Amino acid sequence: MAEVVIIEGPLAMVAADRIARAPGDLFDVMRRMVKNAHAGDASHKAADTALAAEREHVLYQAVKSFRSAVRDVLGTPD
């Protein structure tokens with residue numbers, strides 16, 4: 001399954017690129033956390049939890065930037 005979105009406009013393109021990468025970065029950390037949990041390895045739990053929180057925030061900011069760029073392109077109010 002895949003989603004395809006085509007957006008015109010330079011600001012929207014930058015925001016869309018961030019959205020394309022951010023979920024994968026978060027997923028990588030979450031996958032490692034699950035693998036370590038299944039193995040009973042808690043040695044990286046604190047670091048991975050902090051990294052997951054950071055990457056979740058990056059994803060949130062990417063979505064926020066994307067929405068702002070789309071509003072600018074479409075000319076809709078905040």
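Since we're looking at a predicted model, the values are computed, not measured. Sequence order as written defines residue numbering, which begins from 1 separately in each chain. Note on the predicted model: pLDDT of at least 70 is required for a residue's local features to be given, and 80 or more for side-chain atom pairs to be given and counted; whole-chain, interface and lining totals, by contrast, use all residues. The side-chain quantities take in all heavy atoms of the structure and omit both hydrogens and water.

Enquirer: What is the right way to look at the overall build of the protein in this model?
Expert: Elements are defined by DSSP. Helices are runs of H or I of four residues or more, strands are runs of E of two residues or more, and each kind is numbered from the N terminus. Summing up its helical and strand segments, the protein has two helices and zero strands in all. Throughout, exposure labels follow a simple rule: accessible area from a 1.4 Å probe, protein chains only, divided by the maximum for the residue type, with under 20% read as buried, over 50% as exposed, and the rest as partly exposed. Classification of the 78 residues of the protein by burial places 14% in the buried group. By definition, residues are in contact when any of their heavy atoms lie within 4.5 Å. For the protein, the share of sequence-separated contacts (at least 6 apart) that also reach a separation of at least 24 residues comes to 64%.

Enquirer: Sorry, what's going on with the side chain of aspartate 48 here?
Expert: With respect to the secondary-structure elements, aspartate 48 resides in helix α2 (residues 45–74). With a relative accessible area of 6%, aspartate 48 lands in the buried category. Ignoring anything within four residues of it in the chain, the contact list for aspartate 48 reads Val29, Arg32, Met33 and Asn36.

Enquirer: What is the right way to read the environment of alanine 22 from this model?
Expert: By the secondary structure assignment, alanine 22 is in helix α1 (residues 10–39). With a relative accessible area of 5%, alanine 22 lands in the buried category. When neighbours within four sequence positions are excluded, alanine 22 is seen to be in contact with Val58 and Leu59.

Enquirer: Before we go on, may I ask you to explain the pattern of salt bridges in this structure?
Expert: Two side chains with opposite charge may pair up if their charged atoms get near one another. Here a salt bridge means any side-chain nitrogen of Lys or Arg lying within 4 Å of a carboxyl oxygen belonging to Asp or Glu. Inspection of the entire model under this criterion finds two salt bridges. Taking the shortest distance from any N to any O, the salt bridge between aspartate 28 and arginine 31 comes out at 2.9 Å. Taken together, the residues span about one helical turn, with aspartate 28 and arginine 31 both in helix α1 at a distance of three residues. Looking at arginine 31, the relative accessible area reads 47%, which means it is partly exposed.

Enquirer: What's the story with α2 in this structure? I'm lost.
Expert: Residues spaced three or four apart along an α-helix point in a common direction, a consequence of the helix completing one turn every 3.6 residues. Any helix carries an expected span of 1.5 Å times its number of residues minus one. Across its 30 residues, α2 extends 43 Å between first and last C-alpha, which sits within 8% of the 44 Å expected from 1.5 Å per residue. Those residues of α2 that sit buried are Asp48, Ala52, Ala62 and Ala69. Positive phi appears at glycine 75, one or two residues downstream of α2, with a value of about 75 degrees.

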